[in-house]
Amino acid sequence: MNILIVEDEPKTGEYLRQGLREAGFVVDLATSGPDGLHLALEGQHDLVILDIMLPGMNGWQVLQNLRNQGRQMPVLFLTARDQVEDRVKGLELGADDYLVKPFSFAELLARVRVVLRRGKTGQEVTSLHLADLELDLLRRRVTRAGRRIDLTAKEFGLLELLMRRQGEVLPRSLIASQVWDMNFDSDTNVIEVAMRRLRAKVDEGFDVRLIQTVRGMGYVMEMPESGACSGA
Ligand code: CA
């Protein structure tokens, strides 16, 4: 999942970027209103964390511009001003949530996850399923046939992406940009290695393999067609 932070205070911005990266997100950071708007319009962010008082253009203007241009990604406002009018104004403009400074990182992460689970439909999704595999987004836990599977933050992010878009062939370039902050051109087999580890944890020891390779195209998560040989 990709998150854009728009925050002009260097300490806060870095702190958030670092923490969210450690939690498995791909993070962009902008330090002014215009830069934030530009990145949000150019990129593929699942969530924008937006400070209100920003140089160049304030958070409300950034949000208004995004909505005017049809961008519906969820927006979480950060504000130092805990005032009713601010909240009302932001919510009217289409913000999804508020966090009043100072806040703890744990609190921010919890809000981020709630907003992401709610997604664009407005309905909160708390778990993802495929066959006997379950991803519990609330407790960040994965089980298959009731058995607990321990994943790293990156592996969880990878599996979440595959599960959210099950049935869809995901090219490596998309996985690279969504789960790792890198271009496909990078001369690295990090995706193959991670996919192998994830498969070992999710599919090994089970009759049905849920993660499929589509040669020359990418990966897809789905129930294999009967008789099909999979997992190559
Ligand atoms: Ca600020």
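Placed above this text is the structure.
Here is a short report on the structure shown in this document. The structure presented is a predicted model; accordingly, all values stated were derived computationally and were not measured.

So, how was this worked out
Residues numbered from 1 in each chain as written. Predicted model: local features only at pLDDT ≥ 70, side-chain atom pairs only at ≥ 80, totals over all residues. Heavy atoms only, no water. Axes fitted to C-alpha atoms, helices over the stretch in contact; angles between N-to-C directions. Helix = DSSP H or I, 4+ residues; strand = E, 2+ residues; numbered from the N terminus. Parallel < 35°, antiparallel > 145°, perpendicular 65-115°, else oblique. Contact = heavy atoms within 4.5 Å. Nonpolar A, V, L, I, M, F, W, Y, C, P; charged D, E, K, R; others polar. Phe/Tyr/Trp six-rings, centres within 6.5 Å; stacked < 30°, edge-to-face > 60°. Buried < 20%, exposed > 50% of the residue type's maximum accessible area, 1.4 Å probe, protein only. Donors = N, O, S within 2.8 Å, 3.2 Å for Na, K, Ca; no water. Pairing = 2+ DSSP bridges.

Thoughts on the packing of helix 7 (residues 172-179) against helix 8 (residues 190-202)
Here is step 1 of the chain: One way to put it is that helix 7 packs onto helix 8 with a least axis distance of 10 Å and a crossing angle of 85°. Judged by the inter-axis angle, helix 7 sits roughly perpendicular to helix 8. From helix 7, R172, I175 and A176 reach across to helix 8, where they touch I191, E192 and M195.
Here is step 2 of the chain: Tallied by class, residues from the contact of helix 7 with helix 8 come to four nonpolar, no polar and two charged.

Some details on the packing of aromatic side chains
Here is step 1 of the chain: One pass over the structure, following the stated rule, counts two aromatic pairs.
Here is step 2 of the chain: Aromatic side chains Y15 and F105 sit 6.0 Å apart centroid to centroid with 75° between the ring planes, which places their arrangement in the edge-to-face category. With Y15 in helix 1 (residues 10-22) and F105 in helix 5 (residues 105-118), the pair connects residues that are 90 residues apart, well separated along the chain.
Here is step 3 of the chain: We classify Y15 as partly exposed; its relative accessible area is 44%.
Here is step 4 of the chain: An angle of 40° between the planes, with centres 5.6 Å apart, marks the rings of F77 and Y98 as tilted. Taken together, the positions of F77 in strand 4 (residues 75-79) and Y98 in strand 5 (residues 97-100) put the pair 21 residues apart, joining distant regions of the chain. There is no split in this pair, since F77 and Y98 are both buried.

Focus: the coordination of the calcium ion
Here is step 1 of the chain: The coordination sphere of the calcium ion contains the protein donors D8 (OD), D51 (OD) and M53 (O), at a distance range of 2.1 to 2.3 Å.
Here is step 2 of the chain: The sequence pattern describing where the donors of the calcium ion fall on their chain is D-x42-D-x1-M. Taken together, the positions of D8 in the loop between strand 1 (2-6) and helix 1 and D51 in strand 3 (residues 47-51) put the pair 43 residues apart, joining distant regions of the chain.
Here is step 3 of the chain: D51 sits in the buried class, given a relative accessible area of 4%.

Notes on unusual backbone geometry
Here is step 1 of the chain: Residue K101 is joined to P102 through a cis peptide bond whose omega torsion reads -5°.
Here is step 2 of the chain: One non-glycine residue with positive phi stands out, namely A131, at about 50°.
Here is step 3 of the chain: One can find A131 in the loop between strand 6 (127-130) and strand 7 (133-136).
Here is step 4 of the chain: On the accessibility criterion, A131 (51% relative accessible area) is exposed.
Here is step 5 of the chain: Located in the positive-phi region is A145, a residue other than glycine, with phi close to 50°.
Here is step 6 of the chain: By secondary structure assignment, the location of A145 is in the loop between strand 8 (141-144) and strand 9 (147-149).
Here is step 7 of the chain: Judged by relative accessible area, A145 falls into the exposed class, the value being 55%.

Some words on the sheet that holds strand 10 (residues 170-171)
Here is step 1 of the chain: Overall, antiparallel pairing links the three strands, which are arranged 10-12-11 in an open sheet. Whereas interior strands pair on both sides, the edge strands pair on one side only; in this sheet they are strand 10 and strand 11 (211-214).
Here is step 2 of the chain: The sheet contacts of helix 8 involve strand 11 and strand 12 (218-221), and relative to strand 11 the element is tilted by about 145°.

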